[in-house]
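Notes for the structure review
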Amino acid sequence: MAQDPMIAPSLLSADFARLADEVQRITDADWVHVDVMDAHFVPNLTLGLPVVQAIQAVSPVPLDCHLMITDPERWAPGYAEAGARNVTVHAEACTDPRAVARDLRAAGALAGLAIKPGTPLEAYLDVLPDFDTLLVMTVEPGFGGQSFMPQTMSKVREARRLVDTGHLQLFVEVDGGINADTIEQAAAAGADVFVAGSAVYGAEDPAAAIRGLRAQAAAARSRS
Ligand code: DX5
Ligand code: ZN
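Residues numbered from 1 in each chain as written. Chains lettered and ligands numbered in written order. Predicted model: local features only at pLDDT ≥ 70, side-chain atom pairs only at ≥ 80, totals over all residues. Heavy atoms only, no water.

Here we look at the sheet that holds strand β8 (residues 193-196)
If you walk across this open sheet you meet the 8 strands as β1-β8-β7-β6-β5-β4-β3-β2, and the pairing is parallel. The open sheet terminates on both sides in strands that have one partner only, identified here as β1 (6-9) and β2 (32-37). Going across the sheet, the axis of each strand differs from the next one's by a mean of 25 degrees, ignoring polarity. Here strand β6 (residues 133-137) runs beside strand β7 (residues 171-175); their pairing, made up of 5 bridges, is parallel. Within the sheet, the bridge partner assigned to Leu134 lies in β7 and is Val172. Contacting β2 and β3 (63-68), helix α2 (residues 49-58) runs over the sheet at an angle of about 170 degrees to β3. Along the sheet, helix α4 (residues 97-106) makes contact with β4 (86-90) and β5 (110-115), crossing β5 at roughly 145 degrees. (Pairing = 2+ DSSP bridges. Helix = DSSP H or I, 4+ residues; strand = E, 2+ residues; numbered from the N terminus. Axes fitted to C-alpha atoms, helices over the stretch in contact; angles between N-to-C directions. Contact = heavy atoms within 4.5 Å.)

Here it is as structure tokens:
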């Protein structure tokens with residue numbers, strides 16, 4: 001792993017009435033994670049493309065869009081065209097993951113594939129060479145503030161092994177329940193990118209929380 005651990009605060013835990021101010025509180029972050037939910041793929045509804053375009057226009061931090069939506073083939077390219085750095089779709093929602101990856105990259109974004117806690121990594125090994133990011137969900141997608149599921153770490157370890165041995169070339173990202181108590185196990189397992197919603201926006205000083213999480217991840221990684 002060449003680069004420092006990356007921290008991606010999730011706006012799901014921010015104040016939706018003040019998103020322009022909320023992105024200014026996390027200028028130290030590597031990516032800002034935007035959870036798009038459609039009330040079909042997950043039982044929750046958040047925001048869509050017009051709001052992402054508005055955030056993109058004011059954010060000093062590159063956008064990491066996590067699309068928890070059905071029919072990503074139809075909707076995902078718009079987020080890449082809006083200027084997001086990374087756009088992640090759910091494997092479970094895709095009929096042709098390779099085609100989505102191709103469209104995302106053609107629109108100038110990194111292409112991400114997310115897998116839910118119960119979805120095996122093996123099922124997608126053949127399509128992952130077309131992706132730049134693998135998002136291993138560490139909670140069931142849909143809501144912030146849930147507890148980290150340690151049993152998902154075997155997938156992070158396996159993805160790390162495949163990257164380190166040159167079989168895949170992608171960021172390994174974890175999302176859900178990442179905080180000061182859990183980030184070290186995710187870093188030791190081999191994650192590169194750490195999404196944190198409540199642990200950053202629930203903190204009195206989000207910038208300090210980001211620095212603390214990044215330092216913990218770096219230390220755990222160097223020990224492992
Ligand atoms: C859950 C979302 C997460 C969520 C994480 O479906 O994908 O990005 O914001 O929130 P925390 O860090 O509070 O678990
Ligand atoms: Zn997310």
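With respect to the nonpolar core
In this structure, Leu11, Leu67, Val87 and Phe194 are the most contacted members of the largest nonpolar core, which totals 64 residues. Here this core takes 5 residues from helix α5 (residues 153-164), the largest share from any one element. Non-local contacts of Leu67, meaning those with residues more than four positions away in its chain, are made with Val36, Ala76, Tyr79, Val87, Thr88, Val89 and His90. By size, the runner-up hydrophobic cluster in this structure holds 6 residues, among which are Met6, Ala8, Phe171 and Val195. (Core = buried A, V, L, I, M, F, W, Y, C linked by side-chain atoms within 4.5 Å. Buried < 20%, exposed > 50% of the residue type's maximum accessible area, 1.4 Å probe, protein only.)

Details of the side chain of Glu22
For Glu22, the location among the structural elements is in helix α1 (residues 19-24). The buried category is assigned to Glu22, whose relative accessible area is 3%. Glu22 has contacts with Leu11, Ala14, Asp15 and Tyr201, leaving out every residue within four places of it along the chain.

Side note on the coordination of the zinc ion (ligand 2)
At the metal site, the zinc ion (ligand 2) is ligated by His33 (NE2), Asp35 (OD), His66 (ND1) and Asp175 (OD), and these contacts range over 2.1 to 2.3 Å. Taken together, the 6 donor atoms coordinating the zinc ion (ligand 2) and their angles of 71 to 172 degrees define a geometry best described as octahedral. Of note, the zinc ion (ligand 2) draws all its donor residues from one chain, in the sequence arrangement H-x1-D-x30-H-x108-D. Residue His66 is located in strand β3, and its partner Asp175 is located in strand β7; the two are separated by 109 residues in the primary sequence. (Donors = N, O, S within 2.8 Å, 3.2 Å for Na, K, Ca; no water. Tetrahedral: all angles 85-135°; square planar, octahedral: opposite > 155°, others 65-115°.)

Structural notes on the packing of aromatic side chains
Tallied over the full model, the rule gives 1 aromatic pair. Seen from their ring centres, Trp31 and Phe171 are 5.5 Å apart, and the 85 degrees between their planes marks the pair as edge-to-face. In this pair, Trp31 is assigned in the loop between α1 and β2 and Phe171 in strand β7, connecting sequence segments 140 residues apart. Across this residue pair, the class does not change: Trp31 and Phe171 are buried. The positively charged end of Lys116 is found above the aromatic ring belonging to Phe41, 5.1 Å away from the centroid. (Phe/Tyr/Trp six-rings, centres within 6.5 Å; stacked < 30°, edge-to-face > 60°. Lys NZ or Arg CZ within 6 Å of the ring centre and 35° of its normal.)

A few points about the pairing of β5
Across the 6 residues of β5, 5 count as buried, placing the element largely inside the fold. With 5 bridges joining them, β4 and β5 adopt parallel strand pairing. By the bridge assignment for β5, Thr88 is matched with Gly112. You can see the chain leave β4, run along α4 and come back into β5, and the turn it takes is right-handed. As paired strands, β5 and β6 are joined by 4 bridges and run parallel to one another. (Right-handed = clockwise from strand over helix to strand, strands pointing away.)

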